[in-house]
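Each chain is listed here by its residues.
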Amino acid sequence: MTVVRVALDARSYDVVIENGLLARAGEHIAPLARGRRVPIVADANVGPHLATLQRSLDTAGVPHEAIVIPAGEKSKSWATLEQVVDRLLDLGVERGDHVIALGGGVIGDLVGFATAILKRGCGFVQVPTTLLAQVDSSVGGKTGINARAGKNLVGAFHQPKLVLIDPQVLDTLPPRELRAGYAEVVKYGLIDDAAFFAWCEENGAALLAGDPSRREYAIAHSVAAKARIVGEDEFETLGRRALLNLGHTFGHALEAEAGFSDRLLHGEAVAAGCALAFGYSAVRDLCPAFDAVRVSAHWQAVGLPDGLAAAGIDAPADRLIEHMRHDKKASGGQIPFLLARGIGQTYLDRNVALADVGNFLAMQPR
Ligand code: GLY
């Protein structure tokens, strides 16, 4: 078992990572529940995990009530938020109570936001069931829903009280989703940990094939990296937390072009976006060309897209640039880019000329 502390003064909490943890989740939740009923919000895809969680709560003597909502991005909506909040109010949830979010990033973001606004804030516990949620979205307190104008445009920073990660639940995740989540693991190596990127080159394929100890190690290492960065810049005001957006600006343009659909999963767009960020950094002589080649080679080795062609995007450069302009990170017409001086040396550059990025994108094979 690994316990990572997210150190945020009064908002500090533990992330517990262990194979098989879901069956013992009740022991960890009981001290927070203090005899009160604990609502569980889960998506319709995680039925077997919900049953395991409910059994563990029964064993620990924690009363519970499940609220099951449809799986998928459509649930990150005002309508589902209203339904969840009303159900929680019907259940009599109070400020000192805790709600469990069991599922992937959609559930974590939705329940996190619901509990941020319910009675001006009550507690919640993240029990993420996808690799992407385990290594990224369940830690750090970004919560929210989508709006008509775009994804994640309505939300709040609201930290969970506890995160319970059981890598074994990934056994039932579709391989494509597992690979997409793995892109966010590798991202931590690319940001500021070249040794971890080298570990991924060596061990990534085995991890994706299901090796339990490599999976647990990679998740714990990723969570520790995220905890460190969030601890330094909780509200993304100092330029530190923004590093977690590596690959996201290029990736956002690709996702938008794919209509935010299953044609290109978020993690796949991030993988292609990281390859483009390194490729662009190499073209500008900021980063050794060999490092950009290593990034692409690793994505190819594990079956993730390493650019526009592999992501199935053939849009002209000006359309991709237009998507970037609508990225929520744009400010005063300027878009902050995460560029690299090498593997493990990502930095934030607020002075990138979009026309220059457009020329680079125009040169990319379609
Ligand atoms: N997923 C990026 C962040 O938590 O800041």
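See the structure shown above.
Now for a look at the structure at hand. No experiment lies behind these values; they were computed from the predicted model shown. (Residues numbered from 1 in each chain as written. Predicted model: local features only at pLDDT ≥ 70, side-chain atom pairs only at ≥ 80, totals over all residues. Heavy atoms only, no water.)

**Looking at the packing of aromatic side chains**
- With the rule as written, the count across this model stands at 8 aromatic pairs.
- Following the ring pairs from residue to residue traces out a cluster consisting of Phe250, Tyr280, Phe337 and Phe360.
- It is lysine 187 that lies over the ring of tyrosine 188; its NZ or CZ is 5.6 Å from the centre.
- The ring of tyrosine 347 is capped by arginine 341, whose NZ or CZ atom sits 3.8 Å from the centre of that ring. (Phe/Tyr/Trp six-rings, centres within 6.5 Å; stacked < 30°, edge-to-face > 60°. Lys NZ or Arg CZ within 6 Å of the ring centre and 35° of its normal.)

**A short note on the environment of cysteine 287**
- Structurally, cysteine 287 can be placed in the loop between α10 (266-283) and α11 (289-302).
- Between the C-alpha atoms of cysteine 287 and arginine 11, which are 276 residues apart in sequence, the distance is 38 Å. (Helix = DSSP H or I, 4+ residues; strand = E, 2+ residues; numbered from the N terminus.)

**Focus on the state of the cysteines**
- The full count for this structure, using the stated rule, is 0 disulfides.
- Here cysteine 274 stays free of any disulfide, with the sulfur of cysteine 200 as its closest cysteine sulfur at 12 Å.
- With relative accessibility at 0%, the residue cysteine 274 sits in the buried group. (Disulfide = S-S within 2.5 Å. Buried < 20%, exposed > 50% of the residue type's maximum accessible area, 1.4 Å probe, protein only.)

**So, the site of the ligand**
- Neighbouring residues of the ligand: Asp136, Lys142, Lys226, Glu236, Arg241 and Leu244.
- At a separation of 3.0 Å, a nitrogen atom of the ligand approaches a polar side-chain atom of aspartate 136.
- Protein contact buries 88% of the 200 Å² of open area that the ligand shows by itself.
- Class assignment for the residues of the shell around the ligand results in 1 nonpolar, no polar and 5 charged. (Near = heavy atom within 4 Å. Polar contact = N/O pair within 3.5 Å; in protein donor to acceptor, adjacent residues only side chain to side chain. Areas by Shrake-Rupley, 256 points an atom, 1.4 Å probe, with all protein chains shown as cover. Nonpolar A, V, L, I, M, F, W, Y, C, P; charged D, E, K, R; others polar.)

**Looking at the side chain of histidine 248**
- Tracing the backbone through its elements, the reader meets histidine 248 in helix α9 (residues 248-257).
- Taking the relative accessible area as the measure of exposure, histidine 248 reaches 11% and is therefore buried.
- Side chain to side chain, histidine 248 and histidine 266 meet in a polar contact 3.4 Å long.
- With near-sequence residues (within four places) excluded, histidine 248 lies in contact with Glu184, Lys187, His266, Val270, Asp327 and Lys329. (Contact = heavy atoms within 4.5 Å.)

**A word on helix α8 (residues 212-232)**
- Spanning 21 residues, α8 covers 30 Å between terminal C-alpha atoms, matching the ideal 30 Å at 1.5 Å per step.
- Those residues of α8 that are buried lie in contact with β1 (2-6), β2 (13-17), α5 (131-137), β9 (162-165), α6 (175-192) and α7 (194-209). (Expected span 1.5 Å × (residues − 1).)

**Describing the sheet that holds strand β4 (residues 64-69)**
- Strand order in the open sheet formed by 7 strands is β1-β2-β9-β6-β5-β3-β4, and the pairing between neighbours is mixed. Across the chains shown, the open sheet's two edge strands, defined by having one partner strand only, are β1 and β4. Taking each pair of neighbouring strands and ignoring which way they run, the sheet shows an average axis angle of 20°.
- Where strand β5 (residues 98-103) and strand β6 (residues 123-128) come together, 6 bridges link them in parallel fashion. By the bridge assignment, valine 99 is partnered in β6 with phenylalanine 124.
- Each of β3 (38-43), β4 and β5 is contacted by helix α2 (residues 47-59), which is oriented at about 170° to β4, the strand it contacts most.
- Docked against the sheet, α8 engages β1, β2 and β9, running at close to 15° with respect to β1. (Pairing = 2+ DSSP bridges. Axes fitted to C-alpha atoms, helices over the stretch in contact; angles between N-to-C directions.)

**What to know about the packing of helix α3 (residues 78-90) against helix α4 (residues 105-117)**
- Axis separation between α3 and α4 bottoms out at 10 Å; the angle between their running directions is 55°. Of the possible angle classes, the one that applies to α3 and α4 is oblique. Here the hand of the crossing between α3 and α4 comes out right-handed. Contacts from Thr80, Leu81, Val84 and Val85 in α3 reach Leu110, Phe113, Ala114 and Ile117 in α4.
- Taken together, the residues of the contact of α3 with α4 sort by class into 7 nonpolar, 1 polar and no charged. (Parallel < 35°, antiparallel > 145°, perpendicular 65-115°, else oblique. Left-handed = near helix turned anticlockwise from the far one by under 90°.)

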